[in-house]
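Okay, here's what each chain looks like letter by letter:
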2 protein chains.
Amino acid sequence: MTAETVLVSADEERAIVCDVLQRYGASPEPAQMQANWLLEADLRGFSSHGIERLPILVARMKRHLIEPDAEPAMSWRTDSVLVVDGNRGFGPVIAQRALAAGIQQARTTGLALIAISNANHLGILAPYVESVAAAGMIGIGLSTSEALVHPWGGRDAMVGTNPIAISVPAQPSSFVLDMATGQVSMGRVLHNLELGVPLEEGWAVDADGVPTLDPVAALKGAISPFGGPKGFALGLALEILVASLTGTALGRDVHGTLDADDVCNKGDLFICIDPQIVGPTGSTDVSSYLGDVRATPPQPGTTGVRIPGERTAAERARRVTDGIEITMSAWRAAMALLEADREETGDSVISDDVSA
Amino acid sequence: MTAETVLVSADEERAIVCDVLQRYGASPEPAQMQANWLLEADLRGFSSHGIERLPILVARMKRHLIEPDAEPAMSWRTDSVLVVDGNRGFGPVIAQRALAAGIQQARTTGLALIAISNANHLGILAPYVESVAAAGMIGIGLSTSEALVHPWGGRDAMVGTNPIAISVPAQPSSFVLDMATGQVSMGRVLHNLELGVPLEEGWAVDADGVPTLDPVAALKGAISPFGGPKGFALGLALEILVASLTGTALGRDVHGTLDADDVCNKGDLFICIDPQIVGPTGSTDVSSYLGDVRATPPQPGTTGVRIPGERTAAERARRVTDGIEITMSAWRAAMALLEADREETGDSVISDDVSA
């Protein structure tokens, strides 16, 4: 029960995506940065954030909802607070520029908070906080997103799937958490729909708020928060925390990450903390502790303990070697974008469309 | 199925606790600050963090594991990073002093991170972040705690119940989240044991890692993380994040919040963020959004949506008016501490005991 796929190498995927993005108006560097982010998602097995997103990116570029060569307007409000206007740029471009500045500053201040508005979809958060950990710092990343999750006890989608990412430097590899506060992604529901597989219990409710295993009913309803009332509370807290600090939209007013109609008005927040400055030169040995946690005797009937991020890292390594299985539909869509453009003149594709 | 209780007013409880703490060596101000924290827990219905803790506090004072009049040694590493040695003081004294300094600083810097080690148990986190919200700021509070939670897929307790608290200013009252990353507290298991009531599914495992509804078996086993693998991942992330930045202990090496034997070596972390400095003077209307979330049509068979913290606030208001039901055992233990001391001379109670 798998969809038809095509096996491509990381280099192939990157080249195709770069090619498409450049043909629709992106310069080589931003095209490469955005392409790398789709590729990273596919390498890690998060296909809903991978090349599947390319058609929507192009549609948004054509409508000037994405300005591919936009650079962030960065303003240090204080020595440790960076406010960033993304100027409708690619999420990965804006966020990486901002993070580079934040990491640099945190080496002196110990701490930097980065509040981003007006950037397009950042994609998966893990690689951002990984880059913070690679600089020897603790990274926290938060994004709001379109309302897909129902409040605990409520019928309608009112809260984003609001992911939280946390990285902590460790050996041999840094600890990396990247999780949404919804039980599953809407991409997962669509995936089950495509395969004709029912949902699992607790994933979603239908339009009347009744728990459902039917992907079609779930698409008309809402994703459930992970972890019951606590997970709902956390997702809601992150929604208002990020929105308050970025001046961005809340709940059903959030648009522009899944559609090609609206300016992207969600917010993104990063915190970089340098343990060299904050932490006492302590005996705290995170690496050794993580080893102990990993070695906890397994619960009966389980395969034992996994440290967050490690399975993803293994999946990534496998795909770097063996290639990435991309659904035929996503691959054909990418190819169609190349072909469509070849039939037109590059510029007219852009200028013929109405700016949003 | 309720335990035998006694009804006391807030003033009575505060006075009794203050009296006990002072008789065992605390000066009036720290005694009052610590007493207020136990009282706040009882007012909000978190009895495991209320007057039930008094005997352990006194035992720790007698062994100099708590130095009741200790003040924090506060060191600003940078303009926005405050490192605090709690000098074995009362948790609420150390944390409130540190937070006052952090809030003051964040008015200028926009952001303050407070890393606390060597403080005793802080008690419930909500009132700390409430005080940050009362100053118009966003507050984040994190504490590590003794290993009571098993990793997802693992048999033994390896992770603290590591609470997270988040406050965001709003009208008519600020948003306040305060939740542990365990499914329930060990206090809740003890409560069910006392009442002879089985646990609920998913709360705990026995010593072999098998899910159990038996409180006795759970006490020999471990609490389950809330929210399955995601909740485990979050709790683990918070454990290493806090420990890294405070230079404190991890996992099974954390001691001194539930016992009277060890120095308290967990860590506490606060972040204060001033939206006046960070946030664009935005259209983000948290209060109105929270109203919309609260008004979400209820799921069938539920009582509808509750905003985190609101039920607790209502419970608190009720107990301020009607009084607090304290278990007879906790009340008798408090009384016994007063009586025991009256039979001795205050100082000898302290000096007869071996310092830890």
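All values derive from a computational prediction rather than experimental measurement. (Residues numbered from 1 in each chain as written. Chains lettered and ligands numbered in written order. Predicted model: local features only at pLDDT ≥ 70, side-chain atom pairs only at ≥ 80, totals over all residues. Heavy atoms only, no water.)

Draft legend 1. A look at the packing of helix H1 (residues 10–23) of chain B against helix H2 (residues 28–44) of chain B. Residues and elements named next belong to chain B. Where H1 meets H2, the closest approach of the two axes is 8 Å, and the angle between their N-to-C directions is 140°. Classified by the angle their axes make, H1 and H2 are oblique. In this structure, the crossing between H1 and H2 has a hand that is right-handed. Residues Ala10, Glu13, Arg14, Val17, Cys18, Leu21 and Gln22 of H1 form the contact with H2, whose participating residues are Pro28, Ala31, Gln32, Gln34, Ala35, Asn36, Leu38, Leu39, Asp42 and Leu43. The residue makeup of the contact of H1 with H2, split by class, is 10 nonpolar, 4 polar and 3 charged. (Axes fitted to C-alpha atoms, helices over the stretch in contact; angles between N-to-C directions. Helix = DSSP H or I, 4+ residues; strand = E, 2+ residues; numbered from the N terminus. Parallel < 35°, antiparallel > 145°, perpendicular 65-115°, else oblique. Left-handed = near helix turned anticlockwise from the far one by under 90°. Contact = heavy atoms within 4.5 Å. Nonpolar A, V, L, I, M, F, W, Y, C, P; charged D, E, K, R; others polar.)

Draft legend 2. Representation of the pairing of strand S6 (residues 164–168) of chain B. Residue and element names in this part refer to chain B. Taking burial as the measure, the 5 residues of S6 include 5 buried ones, the bulk of the element. Alternating residues of S6 divide into Ile164, Ile166 and Val168 and Ala165 and Ser167, and every residue in both groups is buried. Direction of pairing for S6 relative to strand S7 (residues 175–179): antiparallel, over a ladder of 5 bridges. The residue of S7 that forms the bridge with Val168 is Phe175. A loop of 6 residues connects S6 with S7, the two strands running antiparallel in sequence. (Buried < 20%, exposed > 50% of the residue type's maximum accessible area, 1.4 Å probe, protein only. Pairing = 2+ DSSP bridges.)

Draft legend 3. Structural detail: the pattern of salt bridges. Across all of its chains, the model carries 28 salt bridges over all chains by this definition. Close ionic contact of A:Glu130 with A:Arg44 constitutes a salt bridge, the shortest N to O distance being 2.8 Å. Of this pair, A:Glu130 sits in helix H5 (residues 126–134) while A:Arg44 sits in helix H2 (residues 28–44); the two residues are 86 residues apart in sequence, bridging distant segments of the chain. Judged by its relative accessible area of 28%, A:Glu130 falls in the partly exposed class. Relative accessible area serves as the criterion here: at 8%, A:Arg44 is assigned to the buried category. Here B:Glu71 ties to B:Arg97 by a salt bridge, and the two come within 2.7 Å at their closest N and O atoms. On the criterion of sequence distance, the pair formed by B:Glu71 in the loop between helix H3 (54–62) and strand S2 (73–78) and B:Arg97 in helix H4 (residues 91–109) is long-range, its members being 26 residues apart. Salt bridges here are not isolated pairs; linked through shared partners, they connect A:Glu40, A:Arg44, A:Glu130 and A:Arg316. (Salt bridge = Lys/Arg side-chain N within 4 Å of Asp/Glu carboxyl O.)

Draft legend 4. Representation of the sheet that holds strand S8 (residues 204–205) of chain A within the structure. Residue and element names in this part refer to chain A. Sheet architecture is open: 3 strands sit in the order S9-S8-S10, paired in antiparallel fashion. The open sheet terminates on both sides in strands that have one partner only, identified here as strand S9 (211–212) and strand S10 (222–223). Where S8 and S10 come together, 2 bridges link them in antiparallel fashion. Within S10, the position partnered with Val205 by the bridge is Ala222.

Draft legend 5. Summary view of the relation of the copies chain B and chain A. Mapping chain B onto chain A is achieved by rotating through 180° and translating by 0.0 Å along the same axis, at an RMSD of 0.0 Å. Here the copies are linked by what is in effect a two-fold axis. For chain B, the residue whose C-alpha comes nearest the rotation axis is B:Gly227, separated from it by 1.8 Å. A share of 100% of the interface residues of chain B reappears at the interface of chain A, consistent with the copies meeting face to face through the same patch. (Least-squares fit on C-alpha atoms with pLDDT ≥ 70 in both.)

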